[in-house]
Amino acid sequence: MNWMPFEWMSWQDWAGNFCYLILAFSYLVTNIYWLRVLAIVALGLEGVYFYYGSEPPLWVGIAWAVVFVGINVIQLFILTRERMSVRFSEQEETLRRGLFAGIGSVQLHRLLKSGQWQNIPAGTRLTTEGQVVSDFCVIASGCAKVEVGNRLISVLQPGALIGEMSLLTGENASATVTTLSPCQVFRVSKQKLQTLFGKSQDFRSELVNVIGRNLSQKLRLTSESGGVMVAKTGTG
């Protein structure tokens, strides 16, 4: 292969080009942790390019590169410390490895700390058709039935979500959900979820993906059964 067209480029030019290639790639990254890692590398190369690739060195650009690197290093340190401090209980670990496998550990930890675990007796209504849904729920154990107009639509098993459509659309409950057996449920208010969404667009995207997978599995099970759906997702 003939590399002659690139022989005019010095190592400083290569550093500059790699800097902007990394910056361009960082625009495709949605994970904030790796975005900051890429920013540090790119800005570091930019500083090298401004110092060695110009005579005299471009001190203004170098100074700002140092400032931006410093900011990202501090934020990366905070993110790393948060990741290392995250600890999950046994029941939380079940959700992390199953239903919420697509959500980052730090974001999932914030979600779990924003909600609560409840043991709910059989015969308890979790949502009522046509009424406001205040909570987003996950069934950890037990089962519940879903009814529309007093007609049984599905039976929810561990790993099923409740209130997810209301969370996405803001509309009232489209069905009545009632526990068939004693259930352990994780629930978090929609208001707290909206607060978490406001703090992290990544978390919103990750949770929407979880909801999408859950809905897709519900539709597949409905199609396969040809009747009453048994909604079940893997939680471990």
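Predicted, not measured: the structure shown is a model, and the values here were computed from it. (Residues numbered from 1 in each chain as written. Predicted model: local features only at pLDDT ≥ 70, side-chain atom pairs only at ≥ 80, totals over all residues. Heavy atoms only, no water.)

Chemist: So what's going on with the overall build of the protein? Residues and values would help.
Modeler: A tally of regular secondary structure across the protein gives eight helices and nine strands. Sequence separation of at least 24 residues holds for 71% of the intrachain contacts in the protein that already meet a minimum separation of 6. Summing over all exposed atoms, the protein offers an accessible surface of approximately 13,700 Å²; the carbon and sulfur share of this is 59%. (Helix = DSSP H or I, 4+ residues; strand = E, 2+ residues; numbered from the N terminus. Contact = heavy atoms within 4.5 Å. Areas by Shrake-Rupley, 256 points an atom, 1.4 Å probe, with all protein chains shown as cover.)

Chemist: So what's going on with the nonpolar core? Residues and values would help.
Modeler: General note: in soluble globular proteins, nonpolar side chains tend to be found buried as a group. Phe 100, Leu 111, Phe 136, Leu 193, Phe 203 and Leu 207 are the most contacted members of the largest nonpolar core, which has 20 residues in total. Those elements giving two or more residues to this core turn out to be helix H5 (105-114), strand S3 (135-141), strand S8 (183-189), helix H7 (190-199) and helix H8 (201-225). Top element by residues in this core is H8. It accounts for four residues. By size, the runner-up hydrophobic cluster in this structure holds 13 residues, among which are Ile 120, Ile 139, Leu 156 and Val 185. (Core = buried A, V, L, I, M, F, W, Y, C linked by side-chain atoms within 4.5 Å. Buried < 20%, exposed > 50% of the residue type's maximum accessible area, 1.4 Å probe, protein only.)

Chemist: Hey, could you go over the packing of H5 against H7 for me, with residue numbers and the actual values?
Modeler: Running from amino to carboxyl end, H5 crosses H7 at an angle of 155°, the nearest separation of the two axes being 10 Å. Between H5 and H7, the crossing angle belongs to the class labelled roughly antiparallel. By crossing handedness, the relation of H5 to H7 is classed as right-handed. Counting all contacts with H5, which are made through Arg 110, Leu 111 and Ser 114, the residues of H7 involved are Lys 192, Leu 193 and Leu 196. A class-by-class count of the residues in the contact of H5 with H7 yields three nonpolar, one polar and two charged. (Axes fitted to C-alpha atoms, helices over the stretch in contact; angles between N-to-C directions. Parallel < 35°, antiparallel > 145°, perpendicular 65-115°, else oblique. Left-handed = near helix turned anticlockwise from the far one by under 90°. Nonpolar A, V, L, I, M, F, W, Y, C, P; charged D, E, K, R; others polar.)

Chemist: Got a sec to walk through the state of the cysteines? Specific residues and values, please.
Modeler: For the coordinates displayed, the defined rule picks out zero disulfides. Between Cys 143, a free cysteine, and Cys 183, which holds the nearest cysteine sulfur, the sulfur-to-sulfur gap is 6.1 Å. Look at Cys 143 and you get partly exposed, because its relative accessible area is 22%. (Disulfide = S-S within 2.5 Å.)

Chemist: Go over the pattern of salt bridges, please, and point to the residues and values.
Modeler: Two side chains of opposite charge can pair, provided their charged atoms sit close to one another. Under the criterion given, the structure shown has two salt bridges. In this structure, Asp 135 engages Arg 187 in a salt bridge whose closest nitrogen and oxygen atoms are separated by 3.1 Å. In this pair, Asp 135 is assigned in strand S3 and Arg 187 in strand S8, connecting sequence segments 52 residues apart. Across the pair, exposure class does not vary: Asp 135 and Arg 187 are buried alike. Between Lys 145 and Glu 147 there is a salt bridge; the shortest N-O distance is 3.7 Å. (Salt bridge = Lys/Arg side-chain N within 4 Å of Asp/Glu carboxyl O.)

Chemist: An account of the packing of helix H1 (residues 11-26) against helix H2 (residues 32-52) is needed here, citing residue identities and associated values.
Modeler: One way to put it is that H1 packs onto H2 with a least axis distance of 8 Å and a crossing angle of 155°. Relative to H2, H1 is oriented roughly antiparallel. Here the hand of the crossing between H1 and H2 comes out left-handed. Each of Trp 11, Gln 12, Asp 13, Ala 15, Gly 16, Phe 18, Cys 19, Tyr 20, Ile 22, Leu 23, Phe 25 and Ser 26 in H1 lies in contact with H2, whose residues at this interface are Leu 35, Leu 38, Val 41, Ala 42, Leu 45, Glu 46, Val 48, Tyr 49, Phe 50 and Tyr 52. In the contact of H1 with H2, the residues fall into 17 nonpolar, three polar and two charged.

The quantities given are spatial measurements derived from coordinates; they are silent on function.
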